[in-house]
Amino acid sequence: MPNLTSRVARLKCWHGPVAPTSLTGGITNTNFLVEDAGEKYVVRVGEDIPLHQIMRFNELAASKAAFDAGLSPEVFHTEPGILVLRFIDGKTLTTEDVQNQTILARILPVIRRCHQEIPSYLKGPILSFWVFHIVRDYAITIQKGQGRLAHFLPELLDMAGILEKAVGPIDIVLGHNDLLSSNFIDDGSKIWIFDWDYAGFNSPLFDLGGLASNNNLSQTQEEWLLENYFEAPLKDELWHRYRAMKCASLLRESLWSMVSEIHSQLDFDYPTYTNNNLASFRAAYTNFMEM
């Protein structure tokens, strides 16, 4: 950490000496808050992580496009392994906030604008994010690394195959693909979305399912999300496909954590995170198969 702090302090974008302060909460990047010339900035430090299909050129392109669409903080400075964003003064949302129907109703238009408007501002190459490919790729990495729970992989891959068939053909949008509550900030009048590590072209069902699973939304709220996102009464076929994608989002998060158990150097309790997500996935999958 001292070396990273010094690196951030030496960035050429600053007007004078700065004293970076470490921010907690990141499980992919190391983040700092910097005050310079009366302004505040968030500095994200992180290299490419091919194991997680994180490529920083992709994050940068999505971040810039999201700012141009009015959804995300401005990119102030960038260099290899560094992304400096203007600080948004507001409240980082919690799971309980997202469960609040009033706040959820403010989040949904942000997700729709992400999907529909950001592609108009994108420049250069952009990745896709097909969860079932990612699941299969993670499984290879876990098997090679002799992961703690590698013995579950054949069963989990069979489940993934069933879910992929259930999802069926998809519409393509620009997905955020990591809708944790902590990736939203409410400044009192507007909700911002940030952290574009996993941005890529995807089905809108993945973001909707991820938002629900990451924040423990009720079934009533899930039905409300789908009806208001698609602006139509919810039909059984869409509900079936959505629940399959929601299961896939939980499976991907479980395998993401299994890979991180093997390879991440960050100070985070990945085994517990794996166990919790895997339990949630199994419960959701059982429910999916019974309905």
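Residues numbered from 1 in each chain as written. Predicted model: local features only at pLDDT ≥ 70, side-chain atom pairs only at ≥ 80, totals over all residues. Heavy atoms only, no water.

Draft legend 1. Focus on the overall build of the chain. Of the regular secondary structure elements, the chain holds ten helices and ten strands. Over its C-alpha trace the chain gives a radius of gyration of 19 Å, about what one expects of a compact globule, namely 19 Å for 291 residues. Here the C-alpha coordinates of the chain stretch approximately 60 × 45 × 35 Å along the principal axes. A burial count over the chain gives 51% of its 291 residues as buried. Long-range contacts, defined as pairs at least 24 residues apart, comprise 71% of the intrachain contacts of the chain with a sequence gap of at least 6. Once the 24 positive and 35 negative side-chain charges of the chain are each reduced to a mean point, those two points are 3 Å apart. (Helix = DSSP H or I, 4+ residues; strand = E, 2+ residues; numbered from the N terminus. Rg over C-alpha atoms; globule rule 2.2 N^0.38 Å. Buried < 20%, exposed > 50% of the residue type's maximum accessible area, 1.4 Å probe, protein only. Contact = heavy atoms within 4.5 Å. Lys, Arg positive; Asp, Glu negative; His and termini not counted. Charge placed at Lys NZ, Arg CZ, Asp CG, Glu CD.)

Draft legend 2. Structural context of helix H8 (residues 219-230). The end-to-end C-alpha distance of H8 is 17 Å, a good match for the 16 Å that twelve residues give at a rise of 1.5 Å each. Among the residues of H8, Gln221, Glu222, Leu225, Leu226 and Tyr229 are the ones counted as buried. Relative to the axis of H8, the buried residues are bounded by an arc of 135° and lie together on one face. Contacts from the buried residues of H8 go to helix H3 (95-99), helix H4 (101-117), strand E7 (173-175), helix H7 (204-214) and helix H9 (236-263). (Expected span 1.5 Å × (residues − 1). Arc of directions from axis to C-beta.)

Draft legend 3. Broad picture of H4. In this model, H4 (17 residues) spans 24 Å end to end at C-alpha, consistent with the 24 Å of a helix rising 1.5 Å per residue. When H4 is considered as a whole, its buried residues turn out to be Ile103, Leu104, Ile107, Leu108, Val110, Ile111, Arg112, Cys114 and His115. As for H4, its buried residues are in contact with H3, E7, strand E8 (184-186), strand E9 (191-193), H7 and H8.

Draft legend 4. Summary view of the packing of helix H6 (residues 153-167) against H9. Contact pair H6 / H9: the axes reach a minimum separation of 9 Å and the direction vectors enclose 150°. Taken together, the axes of H6 and H9 are roughly antiparallel relative to one another. Every pair of crossing elements has a handedness; the one defined by H6 and H9 is left-handed. Along the contact surface, H6 presents Leu153, Leu156, Ala160, Leu163, Ala166 and Val167, while H9 presents His240, Arg241, Ala244, Met245, Cys247, Ala248, Leu251, Leu255 and Met258. (Axes fitted to C-alpha atoms, helices over the stretch in contact; angles between N-to-C directions. Parallel < 35°, antiparallel > 145°, perpendicular 65-115°, else oblique. Left-handed = near helix turned anticlockwise from the far one by under 90°.)

Draft legend 5. Geometry of the packing of aromatic side chains. This model, assessed by the stated rule, comprises twelve aromatic pairs. Measuring from centroid to centroid gives 5.5 Å for Trp14 and Tyr41, while their planes differ by 55°, and the two rings are tilted. Of the two residues, Trp14 is situated in the loop between helix H1 (2-9) and strand E1 (21-23) and Tyr41 in strand E3 (residues 39-45); the sequence distance between them amounts to 27 residues. Summarising the burial analysis for this pair, Trp14 and Tyr41 share the class buried. Ring centres 6.4 Å apart and planes at 80° place the aromatic pair Phe129 and Tyr198 in the edge-to-face group. (Phe/Tyr/Trp six-rings, centres within 6.5 Å; stacked < 30°, edge-to-face > 60°.)

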